[in-house]
Amino acid sequence: MAFHPSHSPPVNPRKMSVSKWIGQVLWTSLCVLCLVCAVVGEQKLVREPQDQTATVGSHVTLPCRVVNKSGSLQWTKDHFGLGEERNMPGFERYSMVGNDEEGDFGLDINPVTLDDDGTYRCQVAQGKNGDPRIISKQARLTVLVPPEPPKITQGESLTATEDQHIEIECISAGGKPPADITWIDETGGQNKKIEEGIQTITEPYPLDDKKWTTKSVLQLVPKKEHHNATFTCQAQNQAERYYQSARLKLYVKYAPKVTVSIDGPLIEGSDVRLSCFAEANPSEVTYRWYVNSHEQDETGTELVLRNISAAMHDSIVKCKVKNAVGESEDSETLFISYGPVFRQKPHSVQVEENSHLTLTCDVDGNPTPEINWFHRGTNSIVGSSANLSIIATSDKAGRYTCQATVRGFPPIEADATVILKGPPTIVSHRLQFGVPGDSVELECIAYSIPPPQKFVWMHNGQELDLSTSGDYVEMKEHIPGGIKSKLTVREAQQYNFGVYNCSVSNQYGSDTFEIILKPQKNFPLLMLLAAIIGGVAVVIFVTLVVILCQRKEKKPSANDLVDSEKQCKESDRSSNISDLKLELRTTDLDYGGHESETSESVVTRVGVPLAGPVPLYNTRLSTSDCNEPVFPPKSDGHNNNGYIPYVDYQRDYNPPPPPPAPEGVDVRYSATYGNPFLRTAPSPALPPPPPPYSSVRNGGVPRQHHQQTSPTSQYITHQPAVKRGTLATHV
């Protein structure tokens, strides 16, 4: 039933708004439901394939999901259909994975080959209900191919020459994309990537235009440090996670690398040794040495320079070494230490007072010498550089010494004198003497800086005209810092004596000095001659005395010694040497008719050294006191050269006991003194010993002597005696 709006009953406004709201909600819900039903019924792609990258031999899946699929579905490769069946007949490595309920139709490729590289689409044909066909967006499958292992065309080793350009080529083929090649330098054990000197070329692979070949050329100028170094070529693309590499070992021939070294310090006067070390390939080398471009004779690894001098300072010593590749050299400069030597010594100067002057002391040495200036007037150091500046005052004048020192060497010194110019000063003897009638000289010494301009002699107030006067002659002699004038008076007379004045002047002033010439008595000529003759006579007399004394000091003959030994043999054997040590006087013995004997001759003949002088007294003996047996045995006619054979003196000669000493005679002069075997036997009295001839001649008396015991006396078995008629004395 329809209701007309005009006949409708009155409605509550609140009820009308609620109903209207409910109706609108129902209407909207119905529209949404109709829309959902319309959408669910249309086929649609909800997941499409994306671009992917795969490596040859890997497994890849391209996704594709469709809802409300009503048409047939297939995959296309490069716009070529692969079939609607899931197992894709004819394409063994291809298949569609998933299930129909879920709408998954992913394309699975296993394993991936280079042929799989291309573009892929998932498409659905028009549906049965008239649904339109659908096509996915294009997906790119990029297939990567690892490159072949790189190869170095020069092989595993290469021999090159230093400083000669070489090229090392590395090839990596069959890569997709093209391989990236890097070079590694392993010189010195360090892996350093080479950034420069590399040229890379990419070319299509000859057998497959989808692959590439990469060539990398390393351009190198080899050096000595590259010898035995290894260069590595590394190849890689996106298909590989790790590098593949190839290696080459480089052998470099190079000229010698030379190093010269100095052994020890370089000091003037010493020897220096230089060594030359050379590293070369090939190692057969020759050496040559040069000193300041002068070739040396040495051809080895060492050069020795003998007694180096300061002149060799800063000399260049060079060592040249050559092999089959070339020649190299190295050098050292000789830095020689040497003592100070003056290049220029300071010079004495004559200056005006209060003027400025500079003394120069130029000294060479190594290390640089230390210079000190000393003022001798004050004994103080006044400067320490080569140049000394002075203001010439009276206290600054005098002698200056420049002393130069180098450590390790003796210092050197040189003097210079600063002399102030001024008036002359005369230094002479005021009183001077001369002999009348002889030539007389007067001397006047004047010190003058600058030299004197005028020299005047005056006598008794009158100036002497030396050019015309015949009585006077002047001689001038230059001395350091002045002049000496000698005025000679010829055949001086009485009037030539008196007061003389010596006057000297220069541009700064003058000085006058008074000299008094006094006469001196002449020494008589005859007295002078007599004194000379007397002196000569004395000299001659002394000379003759010395000669005579030397002649008298001769040794006794061998016969005298033997005779004396025969007379007093037993006394000699029993004498104690220390008790009879007496002084041997070199006097003339008149009693025996023989010459005296010195202590030196006795020592020489006996062969026993004396502790001191042994006095020898000559005593007359009676010929009846000693018999003369015939001993030693007579010679058989052969010359024994002075040798006396041994004789048993006790068997052949038994002398009578010695007599006691007479009254008034000192027992010390007796032969029995000091001999215990002779003291107790009685004997007639001996005459007193006469004094030595020398004592009688000189009017003297014999000296008293003291005996001394010698420990050597007990070892003496045979001693020769002194001359006949004297006291036998032994040592």
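Everything below is about the structure printed above this text.
Okay, so let's go over this structure. (Residues numbered from 1 in each chain as written. Predicted model: local features only at pLDDT ≥ 70, side-chain atom pairs only at ≥ 80, totals over all residues. Heavy atoms only, no water.)

**What about the pairing of strand β17 (residues 198–205)?**
- In this structure, β17 lies alongside strand β18 (residues 208–220), joined through eight bridges in antiparallel fashion. Directly across from Tyr-205, in β18, lies its bridge partner Asp-208.
- Following β17, the chain reverses through two residues before pairing antiparallel with β18. (Pairing = 2+ DSSP bridges. Helix = DSSP H or I, 4+ residues; strand = E, 2+ residues; numbered from the N terminus.)

**Remarks on the sheet that holds strand β25 (residues 316–322)**
- Reading across from one edge, β23-β22-β25-β26 is the order of the four strands in this open sheet, with antiparallel pairing throughout. Two strands bound the open sheet, and with one partner strand each, they are β23 (294–295) and β26 (327–333).
- The sheet contact formed by strand β22 (residues 286–291) and β25 spans six bridges and is antiparallel. Within β25, the position partnered with Tyr-287 by the bridge is Val-321.

**Considering the nonpolar core**
- Formed by 24 residues in total, the largest nonpolar core has its most connected members in Leu-73, Trp-75, Leu-107, Ile-109 and Tyr-120.
- Going through the elements one at a time, β3 (60–62), β5 (73–77), β7 (94–97), β8 (106–109), β9 (118–124) and β11 (139–144) are the ones with two or more residues in this core.
- Considering each element in turn, this core owes the most residues, three residues, to β9.
- What Leu-73 contacts, discounting residues up to four positions off in sequence, is Cys-64, Val-66, Gly-83, Glu-84, Met-96, Phe-105, Cys-122, Gln-123 and Val-124.
- With 21 residues, the next largest nonpolar core counts Ala-160, Ala-179, Ala-229 and Leu-250 among its residues. (Core = buried A, V, L, I, M, F, W, Y, C linked by side-chain atoms within 4.5 Å. Buried < 20%, exposed > 50% of the residue type's maximum accessible area, 1.4 Å probe, protein only. Contact = heavy atoms within 4.5 Å.)

**Thoughts on the sheet that holds strand β37 (residues 431–434)**
- Spatially, five strands are ordered β37-β44-β43-β39-β40 in an open sheet, and the strand pairing comes out mixed. Each end of this open sheet is capped by a strand with a single partner; those strands are β37 and β40 (462–463).
- The sheet contact formed by strand β43 (residues 498–506) and strand β44 (residues 509–519) spans nine bridges and is antiparallel. Residue pairing across strands places Gly-498 opposite Leu-517, the latter belonging to β44.

**With respect to the packing of aromatic side chains**
- Under the defined criterion, the tally for this structure stands at two aromatic pairs.
- Ring centres of Phe-91 and Tyr-94 lie 5.8 Å apart, and the angle between their planes is 10 degrees; on these two criteria the pair is classed as stacked.
- Between the aromatic rings of Tyr-472 and Tyr-500, the centroid separation amounts to 6.4 Å while the plane-to-plane angle is 70 degrees, which identifies the pairing as edge-to-face. Residue Tyr-472 is found in strand β41 (residues 472–479), and its partner Tyr-500 is found in strand β43; the two are separated by 28 residues along the sequence.
- Taking relative accessible area as the criterion, Tyr-472 reaches 7% and is therefore assigned buried.
- Note that Lys-320 overlies the ring of Tyr-290, its terminal NZ or CZ placed 5.1 Å from the centroid. (Phe/Tyr/Trp six-rings, centres within 6.5 Å; stacked < 30°, edge-to-face > 60°. Lys NZ or Arg CZ within 6 Å of the ring centre and 35° of its normal.)

**Here we look at unusual backbone geometry**
- The omega torsion across Asn-110 and Pro-111 is -10 degrees, close enough to zero to call that bond cis.
- Mapped onto the fold, Pro-111 is located in the loop between β8 and β9.
- Omega for the peptide link from Asn-281 to Pro-282 comes to 5 degrees, which places this bond in the cis form.
- Topologically, Pro-282 is positioned in the loop between β21 (272–281) and β22.

**Topic: the state of the cysteines**
- Under the counting rule described, the total for this entry stands at five disulfides.
- Paired by a disulfide, Cys-64 and Cys-122 hold their sulfur atoms 1.9 Å apart. Given an S-S torsion of about -65 degrees, the disulfide between Cys-64 and Cys-122 has left-handed geometry. With a gap of 58 residues between them, Cys-64 in the loop between β3 and β4 (65–67) and Cys-122 in strand β9 connect regions that are remote in the sequence. (Disulfide = S-S within 2.5 Å.)

**Details of the pairing of β44**
- When β37 meets β44, the two strands line up parallel, connected through four bridges. Bridged to Leu-431 within β44 is Ile-516.
- In this structure, the hairpin formed by β43 and β44 is closed by a connection of two residues.

**So, a nonpolar patch on the surface**
- A cluster of nonpolar side chains, namely Leu-528, Leu-529, Ile-532, Ile-533, Val-536, Ile-540, Leu-544 and Ile-547, defines an oily patch on the protein surface of about 720 Å² accessible area.
- Mapped onto the elements, Ile-547 comes out in helix α2 (residues 525–552). (Patch = residues over 30% accessible without salt bridge, like charges linked within 9 Å, V, L, I, M, F, W, Y side chains within 5 Å. Areas by Shrake-Rupley, 256 points an atom, 1.4 Å probe, with all protein chains shown as cover. Salt bridge = Lys/Arg side-chain N within 4 Å of Asp/Glu carboxyl O.)

**What about the side chain of Ser-503?**
- Turning to its location among the elements, Ser-503 is positioned in strand β43.
- Among the residues examined, Ser-503 registers a relative accessible area of 18% and is labelled buried.
- For Ser-503, the side chain forms a polar contact with the side chain of Thr-512, separated by 3.3 Å.
- Beyond its immediate stretch of four places on either side in the chain, Ser-503 contacts Lys-454, Phe-455, Val-456, Asp-511 and Thr-512. (Polar contact = N/O pair within 3.5 Å; in protein donor to acceptor, adjacent residues only side chain to side chain.)

**Focus on the pattern of salt bridges**
- Applying the stated rule across the entire model yields 21 salt bridges.
- We note a salt bridge from Asp-100 to Arg-86, for which the minimum N-O separation is 2.9 Å. Here Asp-100, found in the loop between β7 and β8, pairs with Arg-86, found in the loop between β6 (80–81) and β7; they are 14 residues apart in sequence, far enough to count as distant.
- Residue Glu-514 is joined to Arg-430 by a salt bridge in which the shortest nitrogen-to-oxygen separation is 2.5 Å. Taken as a pair, Glu-514 in strand β44 and Arg-430 in the loop between β36 (425–426) and β37 lie far apart in primary sequence, 84 residues in all.
- Glu-514 gets classed as partly exposed once you look at its relative accessible area, which sits at 29%.
- Residues joined by salt bridges that share partners form a network here, namely Asp-117, Arg-140 and Lys-176.

**Considerations on the environment of Cys-276**
- Residue position: Cys-276 is located in strand β21.
- On the basis of relative accessible area, Cys-276 is assigned to the buried category, the value being 5%.
- Residues Cys-276 and Val-258, 18 residues apart in the sequence, show an inter-C-alpha distance of 6.8 Å.
- Other than its neighbours up to four places away in sequence, Cys-276 contacts Val-258, Thr-259, Val-260, Tyr-287, Trp-289, Thr-301, Cys-319 and Val-321.

**Some thoughts on the side chain of Thr-213**
- With respect to the element layout, Thr-213 can be found in strand β18.
- Given a relative accessible area of 8%, Thr-213 falls into the buried group.
- Other than its neighbours up to four places away in sequence, Thr-213 contacts Ile-171, Ser-172, Ala-173, Gly-174, Ile-201, Thr-202, Glu-203, Pro-204, Tyr-205 and Pro-206.

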